[in-house]
Amino acid sequence: MTTTLPATATLHEQAARLDADDTLADLRARFVLPPDVVYLDGNSLGPLPAAVPAALDAVVRRQWATGLIGSWNAAGWWEAPLRVGDAVGRLIGAAQGQTIAGDSTSVQLFTALDAAAALRPDRPLLVTDPGHFPTDRYLADAVARRRDLEVLHVRPEDLPDLLAADGERVAVVSYSPVDYRTGELYDMRTLTRAAHDAGALALWDLCHAAGALPLDVDGLGVDLAVGCGYKFLSGGPGAPAFLYVARRHHTRLETPLPGWTGHTDPFALADSYTPAPGIARARIGTPPILSLLALEAALTAFDGVDLARLRTKSLSLTGFFLRCAGELLTPLGFTPVTPAEPGRRGSQVTLRHAHARGLAVALAEVGVIADMRAPDLLRFGVNALYTSHQDMLAAATRLRDLTEKADYDPSPPTQGPVT
Ligand SMILES: Cc1ncc(COP(=O)(O)O)c(C=O)c1O
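Residues numbered from 1 in each chain as written. Predicted model: local features only at pLDDT ≥ 70, side-chain atom pairs only at ≥ 80, totals over all residues. Heavy atoms only, no water.

Quick notes on empty space enclosed by the protein
Gaps left between atoms show up when a probe the size of a water molecule is rolled over them. Summed over the entire model, instances satisfying the criterion amount to one cavity of 30 Å³ or more. Here the largest cavity defines a volume of roughly 70 Å³. Lining the largest cavity, in full, are Pro 81, Ile 100, Ala 101, Gly 102, Asp 103, Thr 261, Ala 282, Arg 283, Ile 284, Gly 285 and Pro 287. Here the lining of the largest cavity is composed, by residue class, of six nonpolar, three polar and two charged. (1 Å grid on protein atoms, 1.4 Å probe; cavity = no way out; pocket = protein on both sides within 12 Å on 5 of 7 lines; lining within 4 Å. Points joined across faces, edges and corners; volume = space filled by probe spheres on them. Nonpolar A, V, L, I, M, F, W, Y, C, P; charged D, E, K, R; others polar.)

Examining the packing of aromatic side chains
Applying the stated criterion across every chain, the model contains eight aromatic pairs. Between Phe 133 and Tyr 180, the ring centres sit 5.1 Å apart and the planes meet at 75°, which makes this aromatic pair edge-to-face. Within this pair, whereas Phe 133 is found in the loop between β5 (125–128) and α6 (134–147), its partner Tyr 180 is found in the loop between β7 (170–175) and α8 (188–197), the two being separated by 47 residues in sequence. Between Trp 260 and Phe 267, the ring centres sit 5.6 Å apart and the planes meet at 85°, which makes this aromatic pair edge-to-face. By relative accessible area, Trp 260 is classed as partly exposed at 37%. In this arrangement the basic side chain of Arg 283 is found over the ring face of Trp 78, its NZ or CZ atom lying 4.4 Å from the centre. (Phe/Tyr/Trp six-rings, centres within 6.5 Å; stacked < 30°, edge-to-face > 60°. Helix = DSSP H or I, 4+ residues; strand = E, 2+ residues; numbered from the N terminus. Buried < 20%, exposed > 50% of the residue type's maximum accessible area, 1.4 Å probe, protein only. Lys NZ or Arg CZ within 6 Å of the ring centre and 35° of its normal.)

Some thoughts on the side chain of Asp 376
Examined against the element boundaries, Asp 376 turns out to sit in the loop between β14 (371–373) and β15 (377–381). On the accessibility criterion, Asp 376 (19% relative accessible area) is buried. Only 3.2 Å separates the side chain of Asp 376 from the side chain of Arg 352, close enough to count as a polar contact. Excluding anything up to four places from it in sequence, Asp 376 contacts Leu 351, Arg 352, His 353, Ala 354 and Ala 356. (Polar contact = N/O pair within 3.5 Å; in protein donor to acceptor, adjacent residues only side chain to side chain. Contact = heavy atoms within 4.5 Å.)

Topic: the sheet that holds strand β11 (residues 335–336)
Spatially, β11-β12-β15-β14 is the arrangement adopted by the four strands of the open sheet, whose pairing is antiparallel. On the outer flanks of this sheet lie β11 and β14, each paired with one strand and no other. Its contacts with the sheet place helix α11 (residues 307–329) against β11, β12 (348–352) and β15, and it is angled at close to 20° to β12. (Pairing = 2+ DSSP bridges. Axes fitted to C-alpha atoms, helices over the stretch in contact; angles between N-to-C directions.)

Some remarks on a nonpolar patch on the surface
A surface patch of nonpolar side chains, amounting to about 510 Å² of accessible area, comprises Val 60, Trp 64, Leu 68, Ile 69 and Leu 290. Here Leu 290 is to be found in helix α10 (residues 289–298). Using a relative accessible area of 37% as the deciding quantity, one classes Leu 290 as partly exposed. (Patch = residues over 30% accessible without salt bridge, like charges linked within 9 Å, V, L, I, M, F, W, Y side chains within 5 Å. Areas by Shrake-Rupley, 256 points an atom, 1.4 Å probe, with all protein chains shown as cover. Salt bridge = Lys/Arg side-chain N within 4 Å of Asp/Glu carboxyl O.)

Observations regarding unusual backbone geometry
Ala 374 connects to Pro 375 through a cis peptide bond whose omega is 0°. Mapping Pro 375 onto the fold places it in the loop between β14 and β15. With phi around 50°, Leu 68 is a residue other than glycine that occupies positive phi space. As for its placement among the helices and strands, Leu 68 is situated in the loop between α2 (52–64) and α3 (71–74). A relative accessible area of 52% places Leu 68 in the exposed class.

Describing α8
Turning to α8, its buried residues number three or more, namely Met 188, Leu 191, Thr 192, Ala 194 and Ala 195. End-on, the buried residues of α8 take up no more than an arc of 160°, which puts them together on one face. Lining the buried residues of α8 we find α7 (159–166), β7, β8 (201–205) and α9 (217–220). Backbone geometry just downstream of α8 places Gly 199 in the positive-phi region, at approximately 80°. (Arc of directions from axis to C-beta.)

Here we look at the sheet that holds strand β9 (residues 224–227)
Spatial strand order, β4-β10-β9-β8-β7-β5-β6: seven strands in an open sheet with mixed pairing. Each of the sheet's edge strands pairs with one partner strand only, and the pair in question is β4 (99–101) and β6 (150–153). Along the sheet, successive strands turn relative to each other by an average axial angle of 15°, direction set aside. With four bridges joining them, β5 and β7 adopt parallel strand pairing. The residue of β7 that forms the bridge with Leu 126 is Val 172.

Re the state of the cysteines
One pass over the full model with this rule turns up zero disulfides. Free of any disulfide, Cys 228 has its nearest cysteine sulfur in Cys 207, 3.7 Å distant. Judged by relative accessible area, which is 2%, Cys 228 ranks as buried. (Disulfide = S-S within 2.5 Å.)

Overview of the pattern of salt bridges
Throughout the structure, instances matching the rule amount to 16 salt bridges. In this structure, the salt-bridge partner of Arg 155 is Asp 129, at a minimum N-O distance of 3.0 Å. Of the two residues, Arg 155 is situated in the loop between β6 and α7 and Asp 129 in the loop between β5 and α6; the sequence distance between them amounts to 26 residues. A relative accessible area of 26% means that Arg 155 is categorised as partly exposed.

A short note on the pairing of β15
The buried fraction of β15 is high, at five of five residues. Bridge analysis of β12 against β15 gives five bridges, and the strand direction is antiparallel. Residue pairing for β15: Arg 352 is matched across the bridge by Leu 377. Pairing between β14 and β15: three bridges, direction antiparallel. Within β15, the residue paired with Met 372 across the bridge is Leu 378.

Looking at the side chain of His 249
With respect to the helices, strands and loops of the structure, His 249 is situated in the loop between β10 (242–245) and α10. A relative accessible area of 8% places His 249 in the buried class. A distance of 2.7 Å separates the side chain of His 249 from the side chain of Asp 223, its partner in a polar contact. Contact partners of His 249, with chain neighbours within four places excluded, come to Leu 119, Leu 201 and Asp 223.

Bear in mind that shape data such as this cannot, by itself, settle questions of function.
Quick look at the structure:
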């Protein structure tokens, strides 16, 4: 991605040259993708990694069918939440022993928010983004009710000022580095530091960042983080999520869901709860082994991948798509809402158009799978492990053609479930 292209090169020539220079192109073989589909929805549900079917087959036919209950020990099922947690930890910059995988993002978020508030017991405010994903906002409200706190909704760009003015009252700030609708990337370092300068804790939701860009939770001093396994990590529908808690908080970490597997001696089946040492105290109940082991196999798609290079390719793809949009789509009434500045862009491009829903449906019919968020945002998620510049151009070209010919239903029925 270092070739300089002549200013007169067509978008087709640019895409071909950028793909020819792409040293990560072979990674696409690590995924099973239908041949005629441009898949730009991996920020919602990652596609099937090629390693997963054989791994799951072995888990089911060998470990479960033959090994039966003995597989909890012999096949390492019991340790899977910690082992898979560490595998995710390597992608988010967490040294081992601080990340656990096994429950849903919503459950992990509840645990993280409540535990964070408990670590700052004398502070009455929980601060979160008014544009945060709904579950993050609902759970902040739920934890606030439970703990008699007040929730403040503050845009990320206004958070440093709020913390400077009123920070000593803030227990925890809960944000995502990437806005799930617009794809805008916020500066985790600045916001984490601002929280710490005020004595508050920083909790990050990494759903739209883990596996998409290099992260450094240890280096930034992040206190807690959560994220899901089914978006850029491609762990499969409903894949287990992860929870990171910085080691310095482990001894005081009080989970609101003290299940038996987080007990220091789970098989003693004791009358009262004594938390396990370390991140194991964030275990809750019997882990979803099939899903966990599918996620573990999926994560091998990242083996040997330098996340900084993946990020460079992702920015090249999203930057190129913004160029395509500028040339082909803005004249037709599309407005890019994702920042053009690379440092402010996650791994997604969002275009505003009044017929976003109808266009997403029509695009899928011509082999481009993207999605939309009501009322008018068309989202194109970019996973650089398997996406090419020619994919991005195909998406923009087909979208232009559909729009020019008005070849779509402007108000189709509401989409079924998407996550
Ligand atoms: C940013 C963010 N947080 C939380 C969630 C909720 O995750 P789950 O439904 O797996 O609990 C999602 C789901 O898409 C999300 O995008």
